[in-house]
There are 2 protein chains.
Amino acid sequence: MHSRHFMQTPKRIAIVGSGLVGSLLAIYLRKAGHEVEVFDRRKDVRKVEFSGRSINLAMSNRGWKSLRAVGIEDEIKQIALPLDKRAMHVNDKPLYYQKYGKEEEAIFSISRGVLNRKMITLAEDAGAKFRFEEKVWDIDMAEAKLYSGESEEGEWKEYQFDLIFGADGAFSRVRHKMQRQSRFNYSQHFINVGYKELSIAANKDGSHKLDNASFHIWPRGEFMLIAMPNLDGSFTCTLFMPFEGENSFESIKTEKDADLFFQKHFPDINQEIENLKRDFFKNPTSSMVTIKCFPWSYWEKVTLVGDSAHAIVPFYGQGMNAGFEDILVLSQKMKEHGDNWERIFEEYQESRKPNTDAIAELSYRNFVEMSSKTADPDFLLRKKIENWFSNKHPDTWVPLYSRVTFSDKPYAEALAIGDYQRKIMDEVMEIPEIEKKWDSSEVENKILKLLDNKPVFSV
Amino acid sequence: MHSRHFMQTPKRIAIVGSGLVGSLLAIYLRKAGHEVEVFDRRKDVRKVEFSGRSINLAMSNRGWKSLRAVGIEDEIKQIALPLDKRAMHVNDKPLYYQKYGKEEEAIFSISRGVLNRKMITLAEDAGAKFRFEEKVWDIDMAEAKLYSGESEEGEWKEYQFDLIFGADGAFSRVRHKMQRQSRFNYSQHFINVGYKELSIAANKDGSHKLDNASFHIWPRGEFMLIAMPNLDGSFTCTLFMPFEGENSFESIKTEKDADLFFQKHFPDINQEIENLKRDFFKNPTSSMVTIKCFPWSYWEKVTLVGDSAHAIVPFYGQGMNAGFEDILVLSQKMKEHGDNWERIFEEYQESRKPNTDAIAELSYRNFVEMSSKTADPDFLLRKKIENWFSNKHPDTWVPLYSRVTFSDKPYAEALAIGDYQRKIMDEVMEIPEIEKKWDSSEVENKILKLLDNKPVFSV
């Protein structure tokens, strides 16, 4: 008898992009028996200094699950630091902590450079061939041919494949080619906030200067600093700030501007000010964009994975996790449909699209919340009530953050349940004098009653 | 004393695209004293047969106003036919008519080819130079340089200008160049309905086969045929229909399929069936897209006008009108700000963007209404009540269609007032047994009362 899982005929497969999602895909495809070549216009990231425009990664449940299924979870855990809480550096308040979830629940800080190098080596070990410094200039999608070369005008090499994957990020060349098709829906939306990588060095003994099991946040309303620990004792910090306006990247022009800015807003890390200032002027300011498109596939020949299909803003820490989950779903469809690649691609995109739209929406909402609501007393009270109720009824009220971060249920479901919870909280906030009796049994019973009308979710 | 209107220093200006909006812009710029060269990759439309993928144009108030301001309204009126009503060809009902507005209010049917030829000649007469069959391959935006040539790989000619306008339509090359900038917001959204140009020939004596002062509509739910008269006695018809599905372009493959389709759905024009069938297989099926982007301008060097900045679906008949209004607004800003082109472009885009977003939304809503609601009794009752009330109180309740089509108030205002009217109608539709007493004084008074709370609009 045949197994429900088909074996696949080996194919010659090209992956454009050797980033995190491209490398993971290479490992999956090699383990399924395919020939894999990965093209990247950049140099081998193992041989160069990393870019200075990165935000540390927060690996959470979906990411780990996707690594586990291909047998590399343990190896990656060795280069990750678990963070079980936020450390809130609020002005004029002592440092305080917020646990992320239940016991054992944590997100993991990983340096993008360290992880990318490791993933490429694992993909090479699995037998994938990497072609660095080979920019793909054009693609014949119907024929699955790639054209690469030194420059757009110079000689091009032609490569023939059976399938091509676009894993070439938010500004994907592969998607760009698809975009010329009629009836290709596409949007790119930039936010008016940029980011810059900064760093806090290790102590001389190699230890961390701040708690290394926390995600550090300095919320300042329209702008925000975060810091995540690295294995070597340093922290990678990210300053999120509007491009223009009063407190903005544009407004900090001189060393003195920077001094005043850091002194005023981040007094508790003033011993680091020289490093912060140096990085501020050395590192580029990057923009953030939400990209959506559809379809992701061209027949059985070409498909998009990761940021090339669905770039999101980083405020939920889910960009890499969502991309890794793409590969897990794709591999499940490969097992279900064997050599029927058209069906594999079709079901993959149909299954992923509503979920990546949902995480895009949730990430954008987090950005809006962070920049406009962190000082709003109503918003803070709302969060306080939710936490209180959720702690009392952990199985009845799973917070949205936990559904996104610590579960593997679809993002679209998390969004729907989150919207439902928000409606309940809207009603709770209407209770007269709610600010005085927020932790009363009256409020508890009201929420329980409202939850009685809960639509059935598959949780 | 200086006039409030500045004279401008003559500039060398390139316009990419010799369509309707590009030609109108050329006339305005010539009359303001600038040197104007218009590039188009296509042949001179006066020397070739027109494309067979056009929808007849419906010029309305905004279009005429923009032509009037540059002195060419009367000449264009000579090639236009006024339509003061819809002629509704509903199955199993006698033909009936719906007046568009008050006495004297009409939209005007113009053939796109005829109008475009006339506009180019008027622009040439005004001194604009046209460079047909010269495709612009690249633009140096910072330097206002254009590069054209036979092919992308061959030799390019370089042209130096002071300013460049992109009037090159929904798939604009100029916008495409802007899109490579960081922080350029962009979206393209295709609808699942396509269209095809068909035609009804004139009678042998040159007269029209259907009433030539009507916009003819055969609404069929998911698909729809329209016909607009031409000067030569013919009608240009457009068949709007889903690409795929039961009644779709894909489903009509053979002559016999087409016979059955036209016989069944359009019995009252069955004498034209041979022409309709011939056109059906001869003419291409075109897609429809909404395109939004921002910013429209690059410093004081480059700006977008018309479809290149804001392509919309054609279901409100406002695409050309909105593009012409762009040029009128631009010319007003030129008068206000003289040689300060950066400010001209900035105020132009800030003023136009909310309005072109609004007409995009209204056009898309009309598409949804036409395809899903024309058979909904609630929707029809709602329209009936609105018409009845508007006829009784013409100054209090100007229908949305009239605000868009017969006024020159901003589209964004029409959308806002339309939404307000819709909320009132939502309440009216909640009146018990509204279907029996829709034209009672109870309903009339209810609407009047609800209007008392009307926010103040600048109308």
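Note that the structure is a prediction, hence the values are computed from the model and not measured.

### Points about the overall build of chain A
- Looking only at helices and strands, one finds 15 helices and 19 strands in chain A.
- In terms of C-alpha radius of gyration, chain A reaches 23 Å, essentially the compact-globule figure of 23 Å for 459 residues.
- Dimensions of chain A, computed from C-alpha atoms along their principal axes, come out at roughly 70 × 60 × 45 Å.
- Split into buried and exposed, the 459 residues of chain A put 53% on the buried side.
- A separation of at least 24 residues holds for 70% of the contacts in chain A among residues at least 6 apart in sequence.
- Here chain A displays about 21200 Å² of accessible surface, and carbon together with sulfur accounts for 48% of that area.
- Between the averaged position of the 65 positive side-chain charges in chain A and that of its 71 negative side-chain charges there is a distance of 1 Å.

### Points about the UniProt feature "transmembrane region" (unreviewed entry) in chain A
- Here the UniProt-annotated "transmembrane region" (unreviewed entry) positions come out as residues 12-29 of chain A.
- The straight-line gap between the two end C-alpha atoms of residues 12-29 of chain A is 10 Å; of that span, 56% is helix and 28% is strand.

### Section: the interface of chain A and chain B
- Across the contact, 16 residues belong to chain A and 16 residues belong to chain B.
- Summing both partners gives a buried area of about 1400 Å² for chain A against chain B, and 36% of it is carried by carbon and sulfur.
- When the buried area of chain A at its contact with chain B is split by residue, R183, Q188 and F190 of chain A rank highest and sum to 41% of it.
- At the junction of chain A and chain B, the tally comes to 2 salt bridges.
- The interface formed by chain A and chain B holds 11 residue pairs in polar contact (both at pLDDT 80 or more) in total.
- A per-class count over the side of chain A that touches chain B returns 5 nonpolar, 9 polar and 2 charged.
- Of the strand pairs in this sheet, strand β13 (residues 185-200) of chain A and strand β13 (residues 185-200) of chain B are connected by 3 bridges, and their pairing is antiparallel. Looking at β13 of chain B, one finds that Q188 of chain A is bridged to Y186 of chain B.

### Side note on the packing of aromatic side chains
- Evaluation of the coordinates by the stated rule reveals 54 aromatic pairs over all chains.
- Measuring from centroid to centroid gives 6.3 Å for Y147 of chain A and W156 of chain A, while their planes differ by 40 degrees, and the two rings are tilted.
- By relative accessible area, which is 18% here, Y147 of chain A ends up buried.
- With a centroid separation of 5.8 Å and an interplanar angle of 70 degrees, the aromatic rings of F261 of chain B and F266 of chain B are classed as edge-to-face.
- For F261 of chain B, a relative accessible area of 5% translates into the label buried.
- Three or more aromatic residues joined by ring pairs make a cluster, and in this case those are F223, F249, F261, F262, F266, F280 and F281 of chain A.
- Of note, K135 of chain A hangs over the ring of W137 of chain A, and the distance from its end group to the ring centre comes to 4.8 Å.
- Sitting above the plane of the F280 of chain B ring, K196 of chain B keeps its charged end 4.9 Å from the centroid.

### Some thoughts on the sheet that holds strand β4 (residues 81-83) of chain A
Residue and element names in this part refer to chain A.
- The 3 strands lie next to each other as β3-β7-β4, forming an open sheet whose pairing is antiparallel. On the outer flanks of this sheet lie β3 (57-59) and β4, each paired with one strand and no other. Along the sheet, successive strands turn relative to each other by an average axial angle of 40 degrees, direction set aside.

### A look at the packing of helix α10 (residues 341-372) of chain B against helix α13 (residues 411-429) of chain B
All names here are of chain B.
- Two elements in contact, α10 and α13, have axes whose closest approach is 7 Å; the angle formed by their N-to-C orientations is 45 degrees. Relative to α13, α10 is oriented oblique. Residue-level inspection shows R352, P354, N355, A358, I359, E361, L362 and R365 of α10 in contact with α13, the latter providing Y411, A412, L415, D419 and R422.
- Taken together, the residues that form the contact of α10 with α13 break down as 7 nonpolar, 1 polar and 5 charged.

### As for the domain arrangement of chain A
Residues and elements named next belong to chain A.
- Each assigned domain of chain A is listed with its residue range as follows: domain 1 (12-49 + 113-188 + 289-369) and domain 2 (376-452).
- Inter-centroid distance (C-alpha atoms) of domain 1 to domain 2 is 37 Å.
- Contact residues are listed per partner, giving 14 residues for domain 1 and 13 residues for domain 2.
- Taken together, both faces of the contact between domain 1 and domain 2 bury some 1100 Å²; the carbon and sulfur share is 60%.
- Counting across the domain 1 and domain 2 interface gives 1 salt bridge.
- With its nearest N and O atoms 2.8 Å apart, the salt bridge here joins R365 to D419.
- At the surface where domain 1 touches domain 2, the tally comes to 4 residue pairs in polar contact (both at pLDDT 80 or more).
- When residues in the side of domain 1 that touches domain 2 are grouped by element, the largest group, 9 residues, is from helix α10 (residues 341-372).

### Some words on the relation of the copies chain A and chain B
- When chain A is fitted onto chain B, the two copies agree to an RMSD of 0.0 Å after a turn of 180 degrees and an axial shift of 0.0 Å. Both copies are brought into coincidence by an operation consistent with a two-fold rotation axis. Relative to the rotation axis, the C-alpha of S187 of chain A is the closest in chain A, positioned 1.9 Å from it.
- Taken together, the interface assignments show that 100% of the residues at the interface of chain A recur at the interface of chain B, consistent with an identical surface on both copies.

### Quick notes on the pattern of salt bridges
All names here are of chain B.
- Under the criterion given, the structure shown has 75 salt bridges over all chains.
- One salt bridge in this structure joins D44 and R46, with 2.8 Å as the shortest N-O distance.
- With a relative accessible area of 5%, D44 lands in the buried category.
- Taking the relative accessible area as the measure of exposure, R46 reaches 27% and is therefore partly exposed.

### Re the sheet that holds strand β10 (residues 145-149) of chain B
Residue and element names in this part refer to chain B.
- One open sheet accounts for 3 strands, arranged β9-β10-β11; its pairing is antiparallel. Of all strands in the sheet, those bounded by a partner on one side alone are β9 (135-140) and β11 (157-160). Neighbour-to-neighbour, the strand axes of this sheet turn through a mean angle of 30 degrees, independent of strand direction.
- Looking at chain direction, β9 and β10 are connected through 5 bridges and run antiparallel. Along β10, the bridge assignment pairs V136 with S148.

Rules used in this analysis
- Residues numbered from 1 in each chain as written.
- Chains lettered and ligands numbered in written order.
- Predicted model: local features only at pLDDT ≥ 70, side-chain atom pairs only at ≥ 80, totals over all residues.
- Heavy atoms only, no water.
- Helix = DSSP H or I, 4+ residues; strand = E, 2+ residues; numbered from the N terminus.
- Rg over C-alpha atoms; globule rule 2.2 N^0.38 Å.
- Buried < 20%, exposed > 50% of the residue type's maximum accessible area, 1.4 Å probe, protein only.
- Contact = heavy atoms within 4.5 Å.
- Areas by Shrake-Rupley, 256 points an atom, 1.4 Å probe, with all protein chains shown as cover.
- Lys, Arg positive; Asp, Glu negative; His and termini not counted.
- Charge placed at Lys NZ, Arg CZ, Asp CG, Glu CD.
- UniProt positions renumbered as here; feature names shortened; annotations may be inferred.
- Buried area = accessible area lost by both parts, 1.4 Å probe.
- Salt bridge = Lys/Arg side-chain N within 4 Å of Asp/Glu carboxyl O.
- Polar contact = N/O pair within 3.5 Å; in protein donor to acceptor, adjacent residues only side chain to side chain.
- Nonpolar A, V, L, I, M, F, W, Y, C, P; charged D, E, K, R; others polar.
- Pairing = 2+ DSSP bridges.
- Phe/Tyr/Trp six-rings, centres within 6.5 Å; stacked < 30°, edge-to-face > 60°.
- Lys NZ or Arg CZ within 6 Å of the ring centre and 35° of its normal.
- Axes fitted to C-alpha atoms, helices over the stretch in contact; angles between N-to-C directions.
- Parallel < 35°, antiparallel > 145°, perpendicular 65-115°, else oblique.
- Domains from an automatic or database assignment.
- Least-squares fit on C-alpha atoms with pLDDT ≥ 70 in both.

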